[in-house]
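Here is what each chain is made of, one letter per residue.
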Amino acid sequence: MTELPVSTKKKLGLVIDLDICVGCHACVTSCKGWNTENYGVPLSDMDAYGSDPSGTFLNRVHSFEVQPEKGAAQIVHFPKSCLHCEDAPCVTVCPTGASYKREDDGIVLVNENACIGCGLCAWACPYGARELDQAAGVMKKCTLCVDRIYNENLPEVDRLPACVRTCPAGARHFGDLGDPESAVSQLVEARGGFELMPELGTKPVNRYLPPRLKDKPAAQPLTSLIEEEQATGFAGWLDRLLEKF
Amino acid sequence: MHPASSVIVFTVLSGLGLGFLAFLGIGAITPIGLHAFILYGLGYGLTVIGLLASTFHLGNPQRAWRAFSQWRTSWLSREGVASVLTLLLMAPAAIGAVFFNFPVETFGFPAALLAILTVFATSMIYAQLKTVPRWNHWTTPALFLTFALTGGAMLSAHTKLAVVLCGVLGLLEIFSFLQGDGRFAARGSTMETATGLGKIGKVRMFEPPHTGSNYLMREMIHKVGRKHSQRLRVIAVVFSALLPAIVLLVLPVTFAAIGLAVVLHLIGAFAARWLFFAEAEHVVGLYYGAR
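Since the model is a prediction, treat every value here as computed from it, not as a measurement.

(A) Expanded view of the overall build of chain B. A tally of regular secondary structure across chain B gives eleven helices and one strand. In sequence order, chain B lays out its α and β elements as α-α-α-α-α-α-α-α-β-α-α-α. For 291 residues, the compact-globule estimate of 2.2 N^0.38 gives 19 Å, and the C-alpha radius of gyration of chain B, at 21 Å, lies within 12% of that figure. Its C-alpha atoms give chain B principal-axis dimensions of about 75 × 45 × 30 Å. Accessible surface for chain B amounts to roughly 12300 Å². Of this, 74% is attributable to carbon and sulfur atoms. The centroid of the 20 positive side-chain charges in chain B is displaced by 3 Å from the centroid of its 9 negative side-chain charges.

Okay, here's the thing in structure tokens:
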């Protein structure tokens, strides 16, 4: 049913450290790989080898430039996937009951067998977390790797979302954000984690940790690496003469 | 937002059809026999063509029946339920008028109410979306309802009422065009709130996540044709409201005059509805440095 649960026992979600993310897109690739081979229909690509390739992704890394009032601008790599909102607008708009939020762990999922592909949930999401697969005509979204995190066939170390498991920089963390004692909650507390577009009232579960401010820029601008060669003698005289005209 | 032709055809035609059925339902005109067959046929035809068109944008239309189940939370589901109930409840009124030579308002009144509720539910699909500030406003249901009633009044030859409604419609369109322009800014979502990086400074796109396009960009970030929006706004108001009102005031009330007014009104309605989508900006564009 598309009614949201009053409360969920857990609030599973991701904490993404913008200070650490190097923008390598490994999480994007591992997400696409795992979710193409496992839960639900594959994440299709259209015109993959043609002139206008595009495809379905559940996780994308944007890169932004932030310009402070003073000093140098800084680049922030910004991975974005479903935030598993507590007040998820994508769930309540669904006309078929295909979209739902789980009472046990707060994960927002799509039952693909009931999805008619109307796209209204993607319209309702401010974060662009849902993409309609162009081959299957059903809505795809981050499942928080629901088929990994409880999967007892996997070694315990792998029972994490694929993006978290694969991140080579350790910029992604997974856990219960509803439990103030959990490692992720402590991290959010210590680092001043924030939510995206709080003004829209979606109450996202995922949190982002702010990047550190840049060091002071060097007082002197960099000197040029190659000294400009100055001609001497007759050539020097000619050079100075020609500059006058 | 991408102005999908299926959704534009759906909202314009079913709006007109349901508006007309509402007038038939309350007995604003009481046709009988063949006359009734044609008029009810027109109301049903417009509504059903519109509803069928709406299924063309679905990824899996064969499962559309499931959309009747979630009326407790979903305006799209409510619209589906209300539209089918309208068509079912209107049937006894239509059959009575066509075959038994008497107009049946017993079923007509509740059906008329449901027809209006259907149009309201359609408008709320858009008006509920906080992510599209231009739509997220009372003018959206007001416009959809006024369009339906104006078209309905024209088709049922209530010319004086139609002229008044044309006036209301034109003013409402102008108000919503102008007022809508500032609504994205008023919502307060910026690239700074979208990324949470506003505490550091001004944010701009450095690199998009991919070199090509994607579903989100095609669906939510529609810039093509916005450059013509001022001209289209004028066309929308002139054709949907001004010209039909003049036709109905000047020409004698004949089949041809009403037909002309309705055709002009529909041209304006299509322009207005195209703009309704094309001008609407979704907040997800902020993640792409675009609107």
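Additional details are given in the paragraphs that follow.
(B) Highlighting unusual backbone geometry. With a phi angle near 50°, His 84 of chain A is a residue other than glycine that sits in the positive phi range. In this structure His 84 of chain A comes out as buried when scored by relative accessible area, which is 0%.

(C) Seen up close, the packing of aromatic side chains. Per the stated rule, a full pass over the model turns up 17 aromatic pairs over all chains. Summarising the aromatic geometry, the rings of Trp 123 of chain A and Trp 135 of chain B are spaced 5.6 Å apart at their centres and angled 50° between planes, so their arrangement reads as tilted. Of this pair, Trp 123 of chain A sits in helix α3 (residues 120-124) while Trp 135 of chain B is found in the loop between α4 (105-127) and α5 (139-155), placing the two residues in two different chains. Residue Trp 135 of chain B is classed as buried on the basis of its relative accessible area, which comes to 0%. An angle of 85° between the planes, with centres 5.6 Å apart, marks the rings of Trp 75 of chain B and Phe 120 of chain B as edge-to-face.

(D) Main features of the sheet that holds strand β1 (residues 12-17) of chain A. Residues and elements named next belong to chain A. Spatially, β10-β1-β11 is the arrangement adopted by the three strands of the open sheet, whose pairing is mixed. Two strands in the sheet have a free side with no partner beyond their single neighbour: β10 (172-176) and β11 (207-209). Sheet twist, expressed as the average angle between the axes of neighbouring strands with direction ignored, equals 25°. Helix α6 (residues 183-191) rests against β1, β10 and β11 of the sheet, and its axis sits at about 120° to β10.

(E) Main features of the interface of chain B and chain A. Taken together, the contact pairs 59 residues of chain B with 59 residues of chain A. When the two sides are added together, the surface that chain B and chain A hide from each other amounts to roughly 4800 Å², 61% of it contributed by carbon and sulfur. In terms of surface lost to chain A, no three residues of chain B exceed Ile 200, Tyr 215 and Tyr 287 of chain B, which account for 15% of the buried area on that side. The salt bridge partner of Arg 72 of chain B is Glu 3 of chain A, with a shortest N-O separation of 3.6 Å. The interface formed by chain B and chain A holds 26 residue pairs in polar contact (both at pLDDT 80 or more) in total. Looking at the side of chain B that touches chain A, the elements that each hand over two or more residues are α3 (75-99), α4, α8 (191-195), β1 (202-207) and α9 (215-220) of chain B.

(F) Region of interest: the UniProt feature "transmembrane region" (unreviewed entry) in chain B. Residues and elements named next belong to chain B. Under the present numbering, the feature "transmembrane region" (unreviewed entry) in UniProt falls on residues 7-32, 38-59, 80-101, 107-126, 138-155, 161-178, 232-251 and 257-276. Helix and strand shares over residues 38-59 are 82% and 0% respectively, and the end C-alpha atoms of the span are 34 Å apart. Between the first and last C-alpha atoms of residues 161-178 the distance is 26 Å; the span itself is 100% helix and 0% strand.

(G) Looking closely at α3 of chain B. Residue and element names in this part refer to chain B. With 25 residues, α3 extends 36 Å from end C-alpha to end C-alpha; this agrees with the ideal 36 Å at 1.5 Å per step. The sharpest bend along α3 comes to roughly 35°, located at Ala 91, with the proline Pro 92 sitting one to four residues further on. Regarding α3, its N-cap is Ser 74, as a side-chain oxygen of that residue lies 3.3 Å from the backbone nitrogen of Leu 76 further along. Phi for Asn 101, located one or two positions after α3, is positive at around 55°.

(H) Broad picture of the confidence of the model for chain B. Looking at chain B as a whole, the pLDDT averages 92, with 98% of positions reaching at least 70. Model confidence for the complex: the whole-complex pTM is 0.90, and ipTM, which rates the interface, is 0.92.

(I) Spatial organisation of the sheet that holds β1 of chain B. A sheet is described by the order of its strands in space; here three strands give the open sequence β5(A)-β4(A)-β1(B), paired in antiparallel fashion. Two strands close off the open sheet at either side, each with one partner strand: β5 (74-81) of chain A together with β1 of chain B. With strand direction ignored, the average angle separating the axes of adjacent strands in the sheet is 40°. Where strand β4 (residues 59-67) of chain A lies against β1 of chain B, five bridges are found, and the strand directions are antiparallel. Bridge pairing links Val 66 of chain A to Val 203 of chain B in β1 of chain B.

(J) Local environment of the side chain of Glu 281 of chain B. Residues and elements named next belong to chain B. Here Glu 281 shows up in the segment after α11 (255-278). Its relative accessible area of 17% is what places Glu 281 among the buried residues. For Glu 281, the residues in contact, after removing those within four places along its chain, are Thr 131, Val 132, Pro 133, Phe 184, Arg 226 and Arg 291.

(K) Here's a closer look at a nonpolar patch on the surface. Where nonpolar side chains cluster on the molecular surface, the patch consists of Phe 234, Trp 237, Leu 238, Leu 241, Leu 242 and Phe 245 of chain A and spans about 710 Å² of accessible area. Position of Leu 242 of chain A relative to the elements: it lies in helix α7 (residues 233-243).

(L) Representation of the nonpolar core in the model. In this structure, Trp 123 of chain A together with Tyr 40, Tyr 126, Trp 135 and Tyr 287 of chain B are the most contacted members of the largest nonpolar core, which totals 139 residues. Counting residues per element, this core draws most heavily on helix α1 (residues 5-25) of chain B, at twelve residues. Two domains share this core, each providing at least three of its residues, namely domain 1 (1-128) and domain 2 (157-291) of chain B. Formed by six residues, the second largest nonpolar core is a distinct cluster that contains Leu 177, Val 184, Val 205 and Leu 209 of chain A.

(M) Layout of the packing of α1 of chain B against α11 of chain B. All names here are of chain B. Here α1 crosses α11 at 135°, and the two axes come no closer than 10 Å. In terms of orientation, α1 and α11 fall into the oblique class. For the element pair α1 and α11, the recorded crossing hand is right-handed. Counting all contacts with α1, which are made through Val 7, Ile 8, Val 9, Thr 11, Val 12, Leu 13 and Leu 16, the residues of α11 involved are Val 262, Leu 266, Ala 269, Phe 270, Arg 273, Trp 274 and Phe 277.

Parameters at a glance
- Residues numbered from 1 in each chain as written.
- Chains lettered and ligands numbered in written order.
- Predicted model: local features only at pLDDT ≥ 70, side-chain atom pairs only at ≥ 80, totals over all residues.
- Heavy atoms only, no water.
- Helix = DSSP H or I, 4+ residues; strand = E, 2+ residues; numbered from the N terminus.
- Rg over C-alpha atoms; globule rule 2.2 N^0.38 Å.
- Areas by Shrake-Rupley, 256 points an atom, 1.4 Å probe, with all protein chains shown as cover.
- Lys, Arg positive; Asp, Glu negative; His and termini not counted.
- Charge placed at Lys NZ, Arg CZ, Asp CG, Glu CD.
- Buried < 20%, exposed > 50% of the residue type's maximum accessible area, 1.4 Å probe, protein only.
- Phe/Tyr/Trp six-rings, centres within 6.5 Å; stacked < 30°, edge-to-face > 60°.
- Pairing = 2+ DSSP bridges.
- Axes fitted to C-alpha atoms, helices over the stretch in contact; angles between N-to-C directions.
- Contact = heavy atoms within 4.5 Å.
- Buried area = accessible area lost by both parts, 1.4 Å probe.
- Salt bridge = Lys/Arg side-chain N within 4 Å of Asp/Glu carboxyl O.
- Polar contact = N/O pair within 3.5 Å; in protein donor to acceptor, adjacent residues only side chain to side chain.
- UniProt positions renumbered as here; feature names shortened; annotations may be inferred.
- Expected span 1.5 Å × (residues − 1).
- Bend = angle between axes of the 7 residues up to and from the residue.
- pLDDT = per-residue confidence, 0-100.
- Patch = residues over 30% accessible without salt bridge, like charges linked within 9 Å, V, L, I, M, F, W, Y side chains within 5 Å.
- Core = buried A, V, L, I, M, F, W, Y, C linked by side-chain atoms within 4.5 Å.
- Domains from an automatic or database assignment.
- Parallel < 35°, antiparallel > 145°, perpendicular 65-115°, else oblique.
- Left-handed = near helix turned anticlockwise from the far one by under 90°.

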